[in-house]
Amino acid sequence: DFDFPPTATNGLIIDTLDEQKNRQFYGRVQVELSLFDDHWVHQGSVQYADTKREYINPSNDLTGNHGQRLKFAYQNTVNFQTPSFLDADHHVTVALQREEQDFVNRGAVPDALENQERSEPQNSYIGEYRVGFADQLFLSAGVRHDDNRMFRNATSYRLAAAWRLKETGTRLHASHGTAVTNPGFFELFGFFPDFFLGNPDLKPEESRSVDVGLEQKFFNDRLTLDVTWFHANLENEIVTIFDFNTFLSTVDNLVGTSKRNGIEVMASAQLTDNLSIGGSYTYTNSRQPGGAPEVRRPRHMGSINANYVFAGGKGNVNLDVSYNGKQLDNEFVSATPESVVTLRGYVLVTLAASYKLTDHLEIYGRVENLVDQDY
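Residues numbered from 1 in each chain as written. Predicted model: local features only at pLDDT ≥ 70, side-chain atom pairs only at ≥ 80, totals over all residues. Heavy atoms only, no water.

A.B. asks: Any chance you could explain the overall build of the chain here in plain terms?
C.D. replies: The helix and strand inventory of the chain stands at one helix and 22 strands. Referenced to the eigenvectors of the C-alpha coordinate spread, the extents of the chain come out at roughly 75 × 55 × 45 Å. Put simply, the chain has 375 residues, and 29% of those count as buried. For the chain, the separation between the mean place of its 33 positive charges and that of its 50 negative charges on side chains is 4 Å. (Helix = DSSP H or I, 4+ residues; strand = E, 2+ residues; numbered from the N terminus. Buried < 20%, exposed > 50% of the residue type's maximum accessible area, 1.4 Å probe, protein only. Lys, Arg positive; Asp, Glu negative; His and termini not counted. Charge placed at Lys NZ, Arg CZ, Asp CG, Glu CD.)

Here it is in structure tokens:
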């Protein structure tokens, strides 16, 4: 836990006698019906999530929260071709979603301010149209409308296009879209004793983004390179605010526009029939309103992944090496003049393997942070 003044370890992470218990349950059921040789496809799903947290301090005070989320979704897609008109493949999708959230927060005493129960239903209506011309030009347009009770209704959209030149193995791609993200119940009403207070006055985050990229294939499609430039503007960004007088943190919306832009480079290669390798690198310049760098947004990130298949496809070994560059973070030590510090970069290695014993039985294992990196 964080320690605060007047102790000598104020602002640092220390061991305490507090206890925390977490319980999580997630479930999903999906059914699909395909008619007329996949020209008419129906999908229905139900998702359920249940999360419970309890906190007990040395005085045996019990606090915590309990959240539940139930989501129903139905999707209807019609696929058809018009070979005599522009040699086109068409895909039209409409979808309906219903999401119900319940949140209960419990304080240490019966009449505590943090004792509250909240619920929020949301209905969403989605439409998308995708079309491909002569297996060369691909266009798509999608729109989503969210009907909220707690926030104003919101409509977002996405447009995308790709142009493929088979003769040269080149593909140009671009997209533009908007998005709206509502604050979570914990951000709105959550409570940690002596640590965090929710903010019921939060506004949803709103973003507008664009990206343009070029993909190129080499050596009979065994090597693929892709370079993408991206830019995004974010309004009402939700950030953590810390009060050194009360030592309580909360969340609030930034006033102004946060901007993120950068370049992503991806590569994949099929070295042999059994061995493939891929990698990616992302450069991100992320700024808050006013130009200050955003915290916990590394400027440099990258990864390399190698996958080997053996025993006629029954066995598989995968090695992943991920790099997270240095980044800024808030400092909570009031005795020093700094409010932001730099965290060093780190490398994480993950090794995974699996083997299919029969058509119905497979064994697998994974080791995360193989080289025991501290970060």
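A.B. asks: Would you explain the nonpolar core in this entry?
C.D. replies: One broad rule of soluble globular proteins: the nonpolar side chains tend to lie buried together. Phe103, Phe151, Phe185, Leu188, Phe189, Phe196, Leu202, Ile238 and Val251 form the largest nonpolar core, which has nine residues in total. The leading source of residues in this core is helix 1 (residues 185–189), at three residues. Leaving out residues up to four positions away in the same chain, Ile238 has contacts with Pro183, Glu187, Leu202, Lys203, Glu205, Val251, Asp252 and Asn253. (Core = buried A, V, L, I, M, F, W, Y, C linked by side-chain atoms within 4.5 Å. Contact = heavy atoms within 4.5 Å.)

A.B. asks: Help me understand the pairing of strand 5 (residues 116–133), please; the structure alone is not making it clear to me.
C.D. replies: Regular strands place side chains that alternate from one sheet face to the opposite one. Bridging between strand 4 (residues 88–106) and strand 5 involves 18 bridges; their strand directions are antiparallel. What sits directly across from Gln97, in strand 5, is Ser124. Hairpin connection from strand 5 to strand 6 (residues 137–148): three residues lie between these consecutive antiparallel strands, with Ala134 at a positive phi of about 55 degrees. (Pairing = 2+ DSSP bridges.)

A.B. asks: Where do I start with the environment of Arg287 in this structure?
C.D. replies: By the element assignment, Arg287 lies in strand 16 (residues 275–287). You can call Arg287 partly exposed: its relative accessible area is 29%. Spatially, the C-alpha atom of Arg287 lies 31 Å from that of Arg171, the residues being 116 residues apart in sequence. When residues no more than four places from it in sequence are discounted, the contact partners of Arg287 are Ser258, Lys259, Ala292, Pro293, Glu294 and Arg299. There is a polar contact of 3.0 Å between the side chain of Arg287 and the backbone oxygen of Gly291. (Polar contact = N/O pair within 3.5 Å; in protein donor to acceptor, adjacent residues only side chain to side chain.)

A.B. asks: Is there a simple way to explain unusual backbone geometry in this structure?
C.D. replies: Look at Ala134: it is not a glycine, yet its phi comes out positive at around 55 degrees. Secondary-structure assignment places Ala134 in the loop between strand 5 and strand 6. Its relative accessible area of 38% is what places Ala134 among the partly exposed residues.

A.B. asks: Help me understand the side chain of Glu215 in this model?
C.D. replies: Mapping Glu215 onto the fold places it in strand 11 (residues 205–218). By relative accessible area, which is 14% here, Glu215 ends up buried. In contact with Glu215, not counting residues within four places along its chain, are Gly169, Thr170, Arg171, His173, Thr224, Leu225 and Asp226.

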